[in-house]
Amino acid sequence: MKRFPFSSFPNGWFRVAYSQDLTPGKVMPLYYFGKNLVIFRTEDGIPCVLDAYCPHMGAHLGYGQVEGNMIRCPFHHWGFNQDGNCINVPYTDKFSPKAHIHSWPVCEVNGLIMVYHHSQGKAPTWKISEFSKWTATDWTSFKKHHWKVRTHVQEVAENSMDNAHFLYVHKQVYRALIDNSLEVNGPTLTRYIKSKLAWGGKLGLKEDCFQEFTYHGLGYGVIYSSLKSIVDVNTLVVILLTPIDEEYIDVHLLFSVKNLSFGLFTQLLHLKGMADCIESMEQEIPIFENKIFVKDPLLSEGEGSIMQYRHWVKQFYSDEAEQRIPFNNLSSSLDIQKAKECIDR
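Bear in mind that the values here come from a model prediction, so they are computed numbers and not experimental data. (Residues numbered from 1 in each chain as written. Predicted model: local features only at pLDDT ≥ 70, side-chain atom pairs only at ≥ 80, totals over all residues. Heavy atoms only, no water.)

(A) Inspection of the overall build of the chain at higher detail. Across its full length, the chain holds 5 helices and 17 strands. Taken over 345 residues, the chain has a buried fraction of 50%. Excluding contacts between residues fewer than 6 apart, the proportion of contacts in the chain whose partners are at least 24 apart in sequence is 55%. Taken as a whole, the chain presents about 17300 Å² of accessible surface, with 53% of it coming from carbon and sulfur. (Helix = DSSP H or I, 4+ residues; strand = E, 2+ residues; numbered from the N terminus. Buried < 20%, exposed > 50% of the residue type's maximum accessible area, 1.4 Å probe, protein only. Contact = heavy atoms within 4.5 Å. Areas by Shrake-Rupley, 256 points an atom, 1.4 Å probe, with all protein chains shown as cover.)

(B) Spotlight on the nonpolar core. By size, the foremost hydrophobic cluster in this structure holds 57 residues, and its most contacted members are Tyr220 and Trp312. Filtering out sequence-adjacent residues up to four positions away, Tyr220 remains in contact with Asn110, Leu112, Met114, Ile128, Phe131, Thr214, Tyr215, Val238, Ile239 and Leu240. Core analysis: the next-biggest nonpolar cluster, separate from the first, contains 17 residues, Leu50, Cys54, Trp78 and Phe80 among them. (Core = buried A, V, L, I, M, F, W, Y, C linked by side-chain atoms within 4.5 Å.)

(C) Up close: the sheet that holds strand S1 (residues 12-18). What the 3 strands build is an open sheet, ordered S1-S10-S9; its pairing is antiparallel. Two strands bound the open sheet, and with one partner strand each, they are S1 and strand S9 (106-109). Taken pair by pair, the neighbouring strands of this sheet meet at an average axis angle of 35°, ignoring direction. Bridging between S9 and strand S10 (residues 112-117) involves 4 bridges; their strand directions are antiparallel. In the sheet register, Val106 faces S10, and the bridge partner there is Val115. (Pairing = 2+ DSSP bridges. Axes fitted to C-alpha atoms, helices over the stretch in contact; angles between N-to-C directions.)

(D) Region of the structure containing the pattern of salt bridges. With the rule as written, the count across this model stands at 8 salt bridges. The partner of Glu108 in a salt bridge is Arg41, and the shortest N-O contact between them spans 2.8 Å. Of this pair, Glu108 sits in strand S9 while Arg41 sits in strand S3 (residues 35-41), and the two are 67 residues apart along the sequence. Here Glu247 makes a salt bridge to Arg150, at a shortest N to O gap of 3.0 Å. Pair noted here: Glu247 is in the loop between strand S16 (232-243) and strand S17 (249-257) and Arg150 is in the loop between strand S11 (143-149) and helix H1 (153-158), with a separation of 97 residues, a long-range link. Overall, Glu247 belongs to the partly exposed group, its relative accessible area being 42%. Here Arg150 falls in the partly exposed class, since its relative accessible area comes to 25%. (Salt bridge = Lys/Arg side-chain N within 4 Å of Asp/Glu carboxyl O.)

(E) Structural context of the sheet that holds S3. The sheet built from 3 strands is open, its strands ordered S2-S3-S4 with antiparallel pairing. Two strands lie at the open edges of the sheet, namely strand S2 (27-32) and strand S4 (47-51), each paired on one side alone. Strand-to-strand, the axes of this sheet are offset by a mean angle of 30°, without reference to chain direction. The pairing of S2 with S3 spans 6 bridges and is antiparallel. When the sheet's bridge partners are listed, Leu30 is paired in S3 with Leu37.

(F) Structural detail: the pairing of S9. Here S9 shows a buried face lined by Cys107 and Val109 and an unburied face lined by Val106 and Glu108. Connecting the antiparallel pair S9 and S10 is a turn made up of 2 residues, with Asn110 showing a positive phi of about 55°.

(G) Local environment of a nonpolar patch on the surface. Taken together, the side chains of Ile230, Val231, Phe262 and Phe265 define a hydrophobic patch exposed on the protein surface, amounting to about 450 Å² of accessible area. Given a relative accessible area of 60%, Phe262 falls into the exposed group. (Patch = residues over 30% accessible without salt bridge, like charges linked within 9 Å, V, L, I, M, F, W, Y side chains within 5 Å.)

(H) Quick look at the side chain of Glu284. If you trace the backbone, Glu284 turns up in helix H3 (residues 263-290). Look at Glu284: it is buried, it has no salt bridge, and the nearest opposite charge is Lys291 at 9.4 Å. At 2.6 Å, the side chain of Glu284 and the side chain of Asn159 are in polar contact. (Lys, Arg positive; Asp, Glu negative; His and termini not counted. Polar contact = N/O pair within 3.5 Å; in protein donor to acceptor, adjacent residues only side chain to side chain.)

(I) Highlighting the packing of aromatic side chains. One pass over the full model with this rule turns up 13 aromatic pairs. Between Phe4 and Phe6, the aromatic rings sit 6.0 Å apart at their centres with planes inclined by 25°, giving stacked as the arrangement. Judged by its relative accessible area of 8%, Phe4 falls in the buried class. Judged by relative accessible area, which is 7%, Phe6 ranks as buried. Both rings, one in Trp78 and one in Phe95, keep their centres 6.4 Å apart while their planes meet at 50°; by these two values the pair is tilted. With Trp78 in the loop between strand S6 (70-72) and strand S7 (79-80) and Phe95 in the loop between strand S8 (86-88) and S9, this residue pair connects regions lying 17 residues apart in the sequence. (Phe/Tyr/Trp six-rings, centres within 6.5 Å; stacked < 30°, edge-to-face > 60°.)

(J) Here's a closer look at helix H4 (residues 306-313). Buried residues dominate H4, accounting for 6 of its 8 residues. Within H4 the residues assigned to the buried category are Ile306, Gln308, Tyr309, Arg310, Trp312 and Val313.

Here it is as C-alpha cells:
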C-alpha cells in the first residue's frame, strides 16, 4: 500500500551536507532521492554534487579524489569538472564527447550545502535567502541532532500547522491560542502564533509566547520562539528535511538560544532546550512512521491551517502544478474566533 498519494521527491532545495564538513579537496559519497551521489569541494572552494557513477566503467566517484577543480575517478582517473563534463583522461587526448555526468544545482548558504531537486530536471526558480542569525554573535552556536525517519517531508512540516496535537503529543497547554496569520510568498510560507502558554503545573503560570514558523519549500524550516517570562527567552530551531528514498527521510534539527546576561544560565537553557527539541521529535516519530495520509481529513474547529498548508505544497509537485491557485495572507478564522472566545471567558 502506498502511504502517500504524491511523489516521495518533491521539487525544491534540500540539505545534503554542512559546510564545515566539506573542506577544500574533500570527497564524500551520498545517497539521497533514491540515488547514489558524490559531493566534493574543489581546491578553489566550490561545492559540487554529481551523480555518483563514472560513465566510463561505472566506478563510484565518491571514492575518488579532487585534483584542482575537478574530481578524478578512482578506477582510471578520468577527470570531471563541476558541470559533470569529462575534461581529462590521463592516458589519452581522445575520448568520447559523451563522457558526462549529471550535475546538481548547488547552493551554499547559512552553513549548509543544498541541492535543488526537480522531477523534470528544470533549473531553480528561487533560492534560499541568507539567515542573519546564523552567525550572529548574540546567539549561541547551533547544537545538532538527526534521525532517519520513515515518513514524507510534507508530513513533518504539516505538524507545525496542527494546533490540536501540541497538547496531546507534546503536553503543551495554551490558555489562549491566536493564529494571527498564515502568509504565503511563492515557495515561502510563514505562520505566526501568539498565545498564553501555561506552565508551572499547579502554580498556573501563564506567559506570553510568540512563535514564527517559516518554511522555504519542504526541505528548510526555521522556527523562532519568544517567551516573555522572568527573563525573556528567545530560541531558534532549524529543521532540515531531505528525502533518502521512497520510504525514508533524513531529519536534521538545529537549536540555538539568544544569549542572556548570565552566561551559565544561557548554557543550561541551551542544553535544556536541545533536550526538549529531541524529546519533541521522538514523540512524533512513532506517529510519523505508522500513519497514512488522509486526503480529506475530518477536521474540527480550532485544528489550525492544515488545508491552507496543503494547498501551498502543491506547487512542489510537477504533476500537480496545474492545480495551483494563488493565495496570500490567509488567516485561520476558526482558530482566531476560538481564541477570542477563550479570552472572553
